[in-house]
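# Architecture and fold: a report
Single-letter residue listing:
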Amino acid sequence: SISSFLIYRLMAMSLVGCPCVAGRHCLVPPDLDPDVFDGREFMHGYTANEQGPKIFTEGLSLSNCNGDDAQVSKEGNSMVVPTSKVKPVEGLGKDEKRNIVAKGMKRFEIEKEAPPQPAVERLSERVICILGQNPSHYTLNGTNCYLVGTGKKRILIDTGETFYGNEEFLDILEQVLTEEDCELQMILVTHLHGDHFGGVKSLLNKYGPIPVGMFECPDWHLSLYTYSKIKEKGLEPYLKAGPPHRLPDGNINDFSEKDLPPWPKEHADLSWDVAGRGRVEFQRDYWVMGHHVGFYESWYYRHGLFRNSFSLENEQIITTEGATLWVMFTPGHSENHACFVLQEENSQFSGDHVLGYGTTVLMDLQSYMLSLRKMLKLSPTKLYCGHGPHIKDGTDLLKRYIAHRESRENQAVEYLKSQTFEKDSFLRSTDIVDALYVDTPESRKGFAKDNIEKILLKQWREGHVQCYVRAQDPYTTIFSEFKLPMNVYMRRLDRELRWKYVKKPSNL
């Protein structure tokens, strides 16, 4: 729409490049996440006094972290089949590990690998978790795909990836369906990221036109918008000739400018890009955006095997034998993210909004925090997460997640207030970073800047701070107030923007 286009033009004036772009799954390894949160103490550990999870192992080809045949061990009534293939992050100096933390703040330390999960695990009477067989830095042991219900027809939440691990996932899912003597009633997709919707087409090819439910994306979804501009500007042939973003083993292809084919001069100017990406980042995102667009258009226009698909609605009720799901719109990690409340257990399928190990990478702090509080309001027992082990005490974890984020936010706001409130002064985001992230190496302060900008944008939208930009005349020191978009997810902002604390609106 015209209004969306004008918003994007405004964004184009104020954005610079970022390594984690809206509309795709973030490629930053968990070990490098600037705001990692350790949820291990909330994971459900089975003891000899509890009935352990039912794990399907017959006929499955499992491997442990070293690629050897899996060894099934018994601890009381618990069985553990290590399947994680997550590799340690290399190249981090000993003094640089996860030290993107402001002075006075604390974090929970984590190991470099997520605790192993079995390929298949019965988590309750009505929930079976099947790993997507796509382990990596950013998917941990793989995507958790949940078979929900107790009857002959059941619901599948999320589907793993299109290529990486898909064949293995389909084989394991088929074995589970056979053992459970059931078939798929529908597929629900938590959000438009490739490790969650990627397996849908192969499932439809195998089982027919099963209904697929997902929230629609807003007009300003970055992948959908940018991909249309790529075609409009004739860039697609040159991007297609460039290197892929993923290696065959599922890891990120770390290519550089020298690996890219030459572009004609008339196409080299990317100043139109609303996210301010350079050629390397644009090349990497092209493949992801195309994957998003191809799936979304097939689903949205109900093409072919998608003819029975449907759009989710907030507070919609979805039922199957033995399970009632209440749909929650929970944006923040992505624009169209959904969580599902399992009413029989008062548990929640949290997608990527809350992980079972570490914190998620979020795209917008304001909507993310609102969604966290929405989840907390229902006081969930368990959280069935998109990645990592499930959380036994969901309410306690959500409270700590919120407190963790708020402590970071409050510190940044208090510093901005001390330096600018009722004073003739402004601060850049980098000024706040330098003041608070005193032990963070310069090479990693970009992550800290991302943290601070998420906070500033949230505070601006809530009316607590004002944003200013220097007038165009290079010889003036005059600053004018700058209006940012109210709803569009924005990643990195122009470092020359100035910020000033004003006061809390009286109605808050």
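Structure shown above.
Residues numbered from 1 in each chain as written. Predicted model: local features only at pLDDT ≥ 70, side-chain atom pairs only at ≥ 80, totals over all residues. Heavy atoms only, no water.

Looking only at helices and strands, the protein has eleven helices and 17 strands in total. A separation of at least 24 residues holds for 71% of the contacts in the protein among residues at least 6 apart in sequence. Approximately 21700 Å² of the protein is accessible, and the part contributed by carbon and sulfur atoms is 51%. (Helix = DSSP H or I, 4+ residues; strand = E, 2+ residues; numbered from the N terminus. Contact = heavy atoms within 4.5 Å. Areas by Shrake-Rupley, 256 points an atom, 1.4 Å probe, with all protein chains shown as cover.)

Core analysis: the largest hydrophobic core is formed by 45 residues, its most contacted members being Val354, Leu372, Leu383, Leu416, Ile432, Leu484 and Trp499. Residue contributions to this core peak at seven residues, all from helix H9 (residues 394–420). Apart from residues no more than four positions distant in its own chain, leucine 372 is found in contact with His353, Val354, Leu398, Tyr401 and Ile402. In this structure, Phe169, Ile172, Leu184 and Val200 belong to the second largest nonpolar core, which totals 30 residues. (Core = buried A, V, L, I, M, F, W, Y, C linked by side-chain atoms within 4.5 Å. Buried < 20%, exposed > 50% of the residue type's maximum accessible area, 1.4 Å probe, protein only.)

What follows concerns the packing of helix H5 (residues 222–232) against helix H7 (residues 279–300). In helix packing, the relevant descriptors are the interaxial angle and the interaxial distance, both defined with respect to the helix axes. One can describe the packing of H5 onto H7 by two numbers: an axis separation of 9 Å at closest approach and a directional angle of 105 degrees. Classified by the angle their axes make, H5 and H7 are roughly perpendicular. For the pair H5 and H7, contact is made by Leu222, Ser223, Leu224, Thr226, Tyr227 and Ile230 and by Phe282, Tyr286, Met289, Gly290, His292, Val293 and Tyr296, respectively. In terms of residue class, the contact of H5 with H7 is built from nine nonpolar, four polar and no charged. (Axes fitted to C-alpha atoms, helices over the stretch in contact; angles between N-to-C directions. Parallel < 35°, antiparallel > 145°, perpendicular 65-115°, else oblique. Nonpolar A, V, L, I, M, F, W, Y, C, P; charged D, E, K, R; others polar.)

Another point: the sheet that holds strand S17 (residues 498–501). If you walk across this open sheet you meet the three strands as S16-S15-S17, and the pairing is antiparallel. Two strands bound the open sheet, and with one partner strand each, they are strand S16 (479–481) and S17. Across this sheet, the average inter-strand angle for adjacent strands is 35 degrees, counted without regard to direction. Sheet topology note: the strand S15 (residues 465–470)/S16 ladder contains three bridges and is antiparallel. Bridging from a neighbouring strand, tyrosine 468 pairs with glutamate 481 of S16. Its contacts with the sheet place helix H11 (residues 445–461) against S15 and S17, and it is angled at close to 110 degrees to S15. (Pairing = 2+ DSSP bridges.)

Quick look at the packing of aromatic side chains now. Taken as a whole, this structure holds 14 aromatic pairs when the rule is applied. Ring geometry for phenylalanine 215 against phenylalanine 329: centres 5.0 Å apart, planes inclined by 65 degrees, an arrangement best described as edge-to-face. Taken together, the positions of phenylalanine 215 in the loop between strand S8 (212–214) and H5 and phenylalanine 329 in strand S11 (residues 323–329) put the pair 114 residues apart, joining distant regions of the chain. Classification of phenylalanine 329 by relative accessible area gives partly exposed; the value is 32%. Judged by centre distance (5.7 Å) and plane angle (80 degrees), the ring pair of tryptophan 272 and phenylalanine 282 falls under edge-to-face. Of the two residues, tryptophan 272 is situated in the loop between helix H6 (236–240) and H7 and phenylalanine 282 in helix H7; the sequence distance between them amounts to ten residues. Across the pair, phenylalanine 282 and tryptophan 272 agree in class, each one buried. Through successive ring pairs, a cluster of aromatic residues spans Tyr296, Trp299, Tyr300 and Tyr301. Taking the ring centre of tryptophan 299 as reference, the NZ or CZ of arginine 302 above it sits at 4.9 Å. (Phe/Tyr/Trp six-rings, centres within 6.5 Å; stacked < 30°, edge-to-face > 60°. Lys NZ or Arg CZ within 6 Å of the ring centre and 35° of its normal.)

Strand direction decides the pairing type here: S15 and S17, joined by four bridges, are antiparallel. Bridge pairing links valine 465 to tyrosine 501 in S17.

Relative to the 32 Å expected for 22 residues at 1.5 Å per residue, H7 spans 30 Å between its end C-alpha atoms, a close match to the ideal helical length. Of all the bends in H7, the largest measures some 30 degrees and sits at tyrosine 286. Two residues or fewer past H7, arginine 302 is found with a positive phi of approximately 60 degrees. (Expected span 1.5 Å × (residues − 1). Bend = angle between axes of the 7 residues up to and from the residue.)

Before going further, it helps to examine unusual backbone geometry. Most peptide bonds take the trans form, and the phi angle of most residues other than glycine is negative. Its identity as a non-glycine residue notwithstanding, aspartate 158 has a phi of 70 degrees, on the positive side. The backbone of asparagine 346 shows a phi angle near 55 degrees, a positive value even though the residue is not glycine. By the secondary structure assignment, asparagine 346 is in the loop between strand S12 (338–342) and strand S13 (347–351).

In the structure shown here, the tally under the stated rule is zero disulfides. The thiol of cysteine 339 is unpaired, and the distance to the nearest cysteine sulfur, on cysteine 385, comes to 9.6 Å. (Disulfide = S-S within 2.5 Å.)

Before going further, it helps to examine the pattern of salt bridges. Here the structure, examined in full by the defined rule, presents 23 salt bridges. When the shortest N-O distance is used, the salt bridge between lysine 152 and aspartate 181 registers 2.3 Å. Taken together, the residues span a long stretch of sequence, with lysine 152 in the loop between strand S5 (144–148) and strand S6 (153–157) and aspartate 181 in the loop between helix H2 (166–180) and strand S7 (183–188) at a distance of 29 residues. Judged by its relative accessible area of 51%, lysine 152 is exposed. For glutamate 409, the salt bridge is made with lysine 458, and the minimal N-O distance between the two is 2.8 Å. Taken together, the residues span a long stretch of sequence, with glutamate 409 in helix H9 and lysine 458 in helix H11 at a distance of 49 residues. The exposure class of glutamate 409 is buried, given its relative accessible area of 4%. (Salt bridge = Lys/Arg side-chain N within 4 Å of Asp/Glu carboxyl O.)

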